[in-house]
Structure formats: structure tokens, C-alpha cells
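Single-letter residue listing:
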Amino acid sequence: MSQLAAAPLTGKRILLGISAGIAAYKSALLARLLKKAGAEVRVVMTEGAQAFITPLTLQALTGESVRTSLLDPEAEAGMGHIELARWAELVLIAPATADLMARLAHGHADDLLTTLCLATDADCVMAPAMNQAMWGHPATHDNARRLEGYGWRLLGPDSGDQACGDVGAGRMLEPEAIVAGLSTAPEATPTVADDARGLSVTVTAGPTREALDPVRYLSNHSSGKMGYALAAAAAARGARVRLISGPVALATPPGVERIDVTSALEMLEAARQVAGDSDIFIGCAAVADYRAERIAEHKLKKSTGEDTMTLKLVKNPDIIATIAEDAAKSAAAGPRRPYVVGFAAETCDLEAQARDKLERKRLDMIVANDVSQAGLGFGADDNAALLLWRRAASEPARSELPAQRKARLAEAVIDQALRGYRATHFDGTSAGMPPAAPQQDSP
Ligand code: C5P
């Protein structure tokens, strides 16, 4: 495949492939815009695509018969795929579903569209469109990487409301944006799939355990699910992710480096070791606030004469505040790094408590959860959050993320953390604000 040049579309022979996504209804407008831009357009539809939009519509708009079948006796010498593969200067698939991406990524040739894609020498571009969870799945991420390796250029997907009611990344780019994307150099349009590539993200997750003696400890109910979901979401966007994990019963997300720790002091040590070369540091661990002043060498015995027992506890260091302080000290040499994101699990006065933590711990952004709500927070699969940012002006920015699966919420949090990081590092602002005003309910 040759490298796509930034070229006008006049006279360009474009083969528009349409696969079975609800966004196929936008392909009619796309075909029209391509024609308007002066391109010659022929359309190939997968079988499923015809359930969303009829070949007749595309035929009327392009003035060309629409091909749908690999075994088409009408096609030149019965070799429609070769004929089309040679004819095309550009293959544009919009929408490209998760299934089509998977088939193309693995060299399948089981219908006309996939077969001609294997046979063509044309520039190949696709506009992915699917549910946000499907887009966020590591399998789709791997397929996207693999396709880029084969020379495909991905335009989008966009982020926002989805036809299925979800909110997140996976919407097909609007037809106008696709046409504009075809006219820009590939380097100018990074994909969502790898927009965190080159960045290093560190996440702390799970509880800490503070030993009392060789067999007992103090801990809490944190499952680690939120921190693991954040690590997975950051890795899915191409970041190098290190996950500093307390003891949890969770599998390490694909592509994530896991550093296992037990106590708060161990977590602090691990965090300090990696924070220096982290661009974003997310403290999601439920760190025990106190530890035993001394750990008994032998198992503590039940006292026969006393009904009570006194444990002397000492305060644990605040890990995230320490990382934020280290970052502030190093800021003299350049933009403050890492961008520090904390969590606040509260049972009352959510916003006031979270704001207090944001300022006191000198965080850039805080994710506040109301853990008094049934079915949300600790141990649950769902969570809701209020995001707050610190900035010089008196009113910090805020954004509410409604109750949703932790995996989806994690994507939204990573999205906002990346925006905030970029705002502070590339837009010259000094505090943790994201570049655009944060939107209600939308990453
Ligand atoms: O003060 P609180 O525990 O509510 O603050 C929560 C935030 O601070 C979380 O981001 C948590 O990971 C972090 N934290 C920490 N070290 C501690 C206590 C909390 O990093 N010792």
C-alpha cells in the first residue's frame, strides 16, 4: 500500500466500502460529499450493511451500480474483486465495524469487500464505528494497531453520544470530517486508539494491608476494580501503564506492567520510584491511613485478664500528596510532571470534601465518588463520579459522570486526565484545567 498523500479529491477513483453499522445511514451523505468534491465513487456493501441502507440509495447517489457479492457473474470475467481492486486509487470504508476490522486485521477474504482489500494496492482508509465498549476492548485495540501496521489509516472514531444510548469513543466521524480527513496529511490526524502512545501513566489500585503481627492486618474493602479499569483504559489508548497494586483478586489488564505491594510504605516506595518518569499519576488506591506503630514479631496472644486491647497506630504517609509535592518541586525545570489525579470516596458533603482534598494535596484533578449510594463504589461494578480541577481562579471546573460500568467510567476519567495533561503541558497554562470546558455526562 502506498502512503496516502494530502491530495484533492478531484478525479480520484474512490471505492467506498460500507459495513454493517448503524452509522451506515451517514454513508449516503458521505458518497454525496465525495462526488461533490469531484471524486469518482463506486460502492461495495457487505451483506449486513444492506440491512441498514439499500444499495439502491447508493446507486442513485453515485450513478454507479453497487456491488455486494463476491461471486458476481455480471462482474468482468466473474472477477469483480480484482477489477475493483485495480480500479480504486483509494479504498475508504465507512463505517468500519469491529467485525470488519477483525476480519481485515487477520487477512480474511470471505466477502467482496475484504477480498478486494487484500487484493488492492490503493491507499486504504477506514472510519471505525461501534459501541464504546467494543472500541475500548483490547481485541479491537490490537486489531487497530495491526491494521495501521498494514498501512491502513484510521480516521476517528469520534467521542460522544452513541445510537445505543452509551456515551464514549466509537462514533463514526461525521461525513464532512471524513472528507476533510482525506485531504489532510496522515500525521495531522492521530487516532483515538493511540492518542496516549508515548505517554507513561502510573496508577495505584486496591487496598493496602498493614500488618499487626505475622498473621493479622488492618485493611479495607477496596476491590481494586476502578484502578484496574483505569489501567486498562490507559493501555487501550497506547500509554505505557504501570499499575502499583495492593492485594486484590484481579487479573492484570493486557499490556499493563503490574508492581505488587502490600503496605502503604511499600506503595509509597514503588510510587516514588516510577513517578519521576510518569506523565500522569493516578492515585486510586484505598491506602490505609494508619499502621501499627510496631509489628509484633509473634502472633499476638489473647490476654486472659483483659476484655479490651489497645493498639497504637501511627499515620501513614499520604502517597499522592507526596507525589504531588515532588512534582511541584521539580516544576522549576519545566511544566509540572506528573499530572496528578486523586480519588475521594466520601459518604457526605461530596463536593466540599473533594475540593478540600484537591487543594490540600495539591492535585491537578480529583475524581469524587459518593460511596454511600447503594450499588456504587466499593466492590461494585458500577460507579458515578464528580470530577473537579484545580486552577488559579477561585471557582474550580467541575464535570459530572453519571452511574455507569467502571470500565466505561474509567475511559471517561482517562480521557479527561489526558486533556488536562495536554492543557498543562502544551497549552502553557499553569494549573490542571482541561482545554475545553468539561461537558456534562460526556468524556
Ligand atoms: O484522604 P483520602 O484517603 O480520602 O484521599 C484519597 C486520595 O488520596 C486517593 O487518591 C488515595 O489514593 C490517596 N491517598 C494516598 N495515600 C494515603 C491516603 C490516600 O495516596 N495515605
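Residues numbered from 1 in each chain as written. Predicted model: local features only at pLDDT ≥ 70, side-chain atom pairs only at ≥ 80, totals over all residues. Heavy atoms only, no water.

How do you make sense of the packing of aromatic side chains when you look at a structure like this?
Two measures describe an aromatic ring pair: the distance that separates the ring centres and the angle between the ring planes. All told, the structure shown has zero aromatic pairs when counted by the stated rule. Just above the ring of tryptophan 87 sits the side chain of arginine 42; from NZ or CZ to the centre is 4.3 Å. (Phe/Tyr/Trp six-rings, centres within 6.5 Å; stacked < 30°, edge-to-face > 60°. Lys NZ or Arg CZ within 6 Å of the ring centre and 35° of its normal.)

How should the pattern of salt bridges be read in this particular structure?
Between side chains of opposite charge, a pair can form as their charged atoms come close. This structure, assessed with the given rule, holds 27 salt bridges. Arginine 355 is the salt-bridge partner of glutamate 351, the closest N and O atoms lying 2.6 Å from each other. Residue glutamate 351 and its partner arginine 355 are located together in helix H12 (residues 350-360), separated by four residues, close to a single helical turn. Accessibility expressed as a relative area gives 23% for glutamate 351, which makes it partly exposed. Here glutamate 351 and arginine 398 are joined by a salt bridge, their closest N and O atoms 2.9 Å apart. (Salt bridge = Lys/Arg side-chain N within 4 Å of Asp/Glu carboxyl O. Helix = DSSP H or I, 4+ residues; strand = E, 2+ residues; numbered from the N terminus. Buried < 20%, exposed > 50% of the residue type's maximum accessible area, 1.4 Å probe, protein only.)

Please explain the confidence of the model for the chain as it appears in this structure.
Atomic detail in the predicted coordinates should be set aside for any region of low pLDDT. Looking at the chain as a whole, its pLDDT mean stands at 87, while 86% of the residues score no less than 70. A low-confidence stretch, residues 428-432 stays under pLDDT 50, and its non-local contacts, those more than four residues away or across chains, total 13 contacts. In the predicted structure, residues 435-443 sits below a pLDDT of 50 and forms 24 contacts with residues beyond four places in sequence or in another chain. (pLDDT = per-residue confidence, 0-100. Contact = heavy atoms within 4.5 Å.)

Got a minute to help me understand the layout of surface pockets in this structure?
Approximately 920 Å³ is the volume attributed to the largest pocket. What lines the largest pocket is a set of 39 residues, among which Ala285, Ala286, Val287, Phe343 and Ala345 lie closest to the centre. Broken down by secondary-structure element, the contributors of at least two residues to the lining of the largest pocket are helix H9 (225-236), strand E13 (280-283), helix H11 (319-330), strand E16 (339-346), H12 and strand E17 (365-370). Per-element tally for the lining of the largest pocket: the top contributor is E16, with four residues. Looking at side-chain class alone, the lining of the largest pocket contains 17 nonpolar, 14 polar and eight charged residues. (1 Å grid on protein atoms, 1.4 Å probe; cavity = no way out; pocket = protein on both sides within 12 Å on 5 of 7 lines; lining within 4 Å. Points joined across faces, edges and corners; volume = space filled by probe spheres on them. Nonpolar A, V, L, I, M, F, W, Y, C, P; charged D, E, K, R; others polar.)

Honestly, the nonpolar core in this entry has me stumped. Any pointers?
The tendency in soluble globular proteins is for nonpolar side chains to be buried as a group. Core analysis: the biggest nonpolar cluster contains 39 residues, and Leu230, Ile280, Ile282 and Met365 have the highest contact counts within it. At the level of elements, strand E8 (200-205), H9, strand E11 (240-245), E13, E16, E17, strand E18 (382-389) and helix H13 (406-426) are the ones that each hand at least two residues to this core. When near neighbours in sequence (up to four residues on either side) are disregarded, isoleucine 280 contacts Ser200, Val201, Thr202, Pro338, Tyr339, Val341, Ala417, Leu418 and Tyr421. Listed in part, the 31 residues of the second largest apolar core include Ala24, Ile53, Ala94 and Leu155. (Core = buried A, V, L, I, M, F, W, Y, C linked by side-chain atoms within 4.5 Å.)

Help me understand empty space enclosed by the protein in this model?
Unoccupied space between atoms shows up once a probe the size of one water molecule is rolled over them. With the rule as written, the count across this model stands at one cavity of 30 Å³ or more. As a volume, the largest cavity reaches approximately 30 Å³. Looking at the largest cavity, the residues that line it are Ala196, Val201, Ala234, Ala239, Ile280, Ile414 and Leu418.

Before we go on, may I ask you to explain the environment of leucine 33 in this structure?
Residue placement: leucine 33 occurs in helix H1 (residues 27-36). On the basis of relative accessible area, leucine 33 is assigned to the buried category, the value being 19%. Here the alpha-carbon distance between leucine 33 and proline 175, two residues 142 residues apart in the chain, equals 7.6 Å. Non-local contacts of leucine 33, meaning those with residues more than four positions away in its chain, are made with Pro175, Glu176 and Val179.

What is the right way to read the site of the ligand from this model?
The environment of the ligand is formed by Gly283, Cys284, Ala285, Val287, Pro317, Asp318, Ile319, Ile320, Gly342, Phe343, Lys357 and Lys361. Contact between the ligand and glycine 283: an oxygen atom at 2.5 Å from a main-chain N or O atom of the residue. The separation between an oxygen atom of the ligand and a polar main-chain atom of isoleucine 320 is 2.8 Å. Coverage of the ligand by the protein chains reaches 86% of its 440 Å² of free accessible surface. Put simply, the ligand lies in the largest pocket. Every element with two or more residues in the shell around the ligand is listed here: H11 and E16. Broken down by class, the residue content of the shell around the ligand amounts to seven nonpolar, two polar and three charged. (Near = heavy atom within 4 Å. Polar contact = N/O pair within 3.5 Å; in protein donor to acceptor, adjacent residues only side chain to side chain. Areas by Shrake-Rupley, 256 points an atom, 1.4 Å probe, with all protein chains shown as cover. Sits in = over half its atoms within 2 Å of the grid points.)

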